[in-house]
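For reference, the chains in residue letters:
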Amino acid sequence: MNLPFILAKRFVAGEEFGQAIGAVRELNSKGIAVSLDLLGENVKSREVADQTLVDYQDLIKGIADEGLNSSISIKLTMLGLDIDADYTFDNLSRLLETAKSNGIFVRIDMEGSDYTDLTVSTFKKAKESFGSNVGIVLQAYLHRTAHDINELAGINADVRICKGAYSEPPNLAIRSMSEIRNAYRLYATTLLQRTSYPRIATHDDELINWTKSYTNTEGIGKERYEFQMLYGLRQPTCEMLAEDGYNVRVYVPYGTMWFPYFTRRLKERKENVFFVLSAMFKN
Ligand SMILES: Cc1cc2nc3c(=O)[nH]c(=O)nc-3n(C[C@H](O)[C@H](O)[C@H](O)COP(=O)(O)OP(=O)(O)OC[C@H]3O[C@@H](n4cnc5c(N)ncnc54)[C@H](O)[C@@H]3O)c2cc1C
């Protein structure tokens, strides 16, 4: 499918790294850190996974050369998780070597539930060698997160907690928004109490305000955690949080493989469809 990039422009910073640099610099100039994501998922051949590794290594060098305040986010299916777990781990290790030598942090995104087990075990293995330079994501909607959160807090893992973006069946995931929020608060509490630097990823005012008030009551300083949001969403809120002294990071995706990411954003909120339509008419 060859849809015009203009559709995705609201949520994706460009099709090339060079196009994304401006967006990163602008956020950095407002005191907001970034995590760059070279879009793509579910790579089916070793040839493409090998090339993805090279592209990501180039991205890491690009971030360092350009002096950007940015980590990277990656999906393990881009490094071969649909092909072979050991091969994926080798690719990830090579990526982490490059990242470590350039002082860049790597976050492993969480994908659909078919990949949760392997993603968690690959992360744990990587953390043994790369320590705090690698992090993971947990999804509050999954029932299994009640177990994973304790296990990962027990090794002081660097966790981004989010609600979860994939369509999952009720035997695996909570469906009601109020229950997802309750689970989110419970897991964020675990991370804030038991890990060094949790990442609170949400655009939801209820959860943002809860985090501010919980940390305030518990005497947890603003330097002990960060808020994370997606590029193109709630930018004024990000700026206000940064101005108020909170650490804020924006997830900035770029690349030609933007369609699945873009579709998830549209499904999440009907307002996102209006953003796309208005972008089409403005250009
Ligand atoms: C940095 C980051 C990284 C992520 N990484 C992953 C990942 O690795 N794996 C994964 O499965 N998912 C990931 N997600 C997606 C996440 O799981 C959710 O699908 C997504 O964030 C939507 O949930 P929400 O809490 O942000 O708000 P929603 O549940 O979409 O909205 C809740 C309420 O928040 C408010 N709100 C939300 N958006 C806006 C807006 N744009 N403007 C004004 N108000 C708004 C509204 O009041 C809305 O009713 C990530 C999200 C972020 C922010």
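As the structure is a prediction and not an experimental result, all values here were calculated from the model.

**Description of the side chain of Thr119**
Argument step 1. The residue Thr119 is located in helix α4 (residues 116-130) in this model.
Argument step 2. The residues contacting Thr119, other than those within four sequence positions of it, are Leu76, Leu81, Ile108, Asp109, Met110 and Ile136.

**A closer look at the packing of helix α3 (residues 85-101) against α4**
Argument step 1. Close contact between α3 and α4 brings their axes to 11 Å; oriented N to C, the two are set at 40°. It follows that α3 is oblique to α4 by the angle criterion. For α3 against α4, the interelement crossing comes out right-handed. Along the contact surface, α3 presents Ala85, Asp86, Phe89, Leu92, Ser93, Leu96, Glu97 and Lys100, while α4 presents Leu118, Thr122, Lys125, Ala126 and Phe130.
Argument step 2. Tallied by class, the residues present in the contact of α3 with α4 amount to seven nonpolar, two polar and four charged.

**Concerning the nonpolar core**
Argument step 1. Membership of the largest hydrophobic core comes to 79 residues, with the highest contact counts inside it found for Leu36, Leu59, Ile72, Leu95 and Ile161.
Argument step 2. For this core, the leading source of residues is helix α6 (residues 177-194), giving seven residues.
Argument step 3. Core analysis: the second largest hydrophobic core is formed by 12 residues, Ala8, Leu39, Tyr251 and Trp258 among them.

**Observations regarding the packing of α6 against helix α7 (residues 205-218)**
Argument step 1. The interhelical angle for the contact between α6 and α7, taken along N-to-C directions, is 35°, at an axis separation of 11 Å. Taken as a pair, α6 and α7 cross one another with a handedness that is right-handed. Contact residues: α6 offers Arg181, Tyr184, Arg185, Ala188, Thr189, Leu192 and Gln193, while α7 offers Glu206, Leu207, Trp210, Tyr214, Thr215 and Glu218.

**With respect to the site of the ligand**
Argument step 1. Taken together, 25 residues are adjacent to the ligand, and Lys163, Gly164, Thr202, His203 and Glu268 come closest.
Argument step 2. One of the side-chain N or O atoms of Thr202 is found 2.6 Å from an oxygen atom in the ligand.
Argument step 3. Between the ligand and Glu268 there is a distance of 2.6 Å, counted from an oxygen atom to a side-chain nitrogen or oxygen.
Argument step 4. In isolation the ligand exposes 950 Å². Once the protein is present, 83% of that is buried.
Argument step 5. Elements represented by at least two residues in the shell around the ligand include exactly β4 (134-139), β5 (158-162), α6, β7 (226-230) and α9 (259-268).
Argument step 6. Sorting elements by how many residues they give to the shell around the ligand places β7 first, with three residues.
Argument step 7. Here the shell around the ligand is built from residues that sort into 11 nonpolar, five polar and nine charged.

Reading the values: rules and limits
Residues numbered from 1 in each chain as written. Predicted model: local features only at pLDDT ≥ 70, side-chain atom pairs only at ≥ 80, totals over all residues. Heavy atoms only, no water. Helix = DSSP H or I, 4+ residues; strand = E, 2+ residues; numbered from the N terminus. Contact = heavy atoms within 4.5 Å. Axes fitted to C-alpha atoms, helices over the stretch in contact; angles between N-to-C directions. Parallel < 35°, antiparallel > 145°, perpendicular 65-115°, else oblique. Left-handed = near helix turned anticlockwise from the far one by under 90°. Nonpolar A, V, L, I, M, F, W, Y, C, P; charged D, E, K, R; others polar. Core = buried A, V, L, I, M, F, W, Y, C linked by side-chain atoms within 4.5 Å. Buried < 20%, exposed > 50% of the residue type's maximum accessible area, 1.4 Å probe, protein only. Near = heavy atom within 4 Å. Polar contact = N/O pair within 3.5 Å; in protein donor to acceptor, adjacent residues only side chain to side chain. Areas by Shrake-Rupley, 256 points an atom, 1.4 Å probe, with all protein chains shown as cover.

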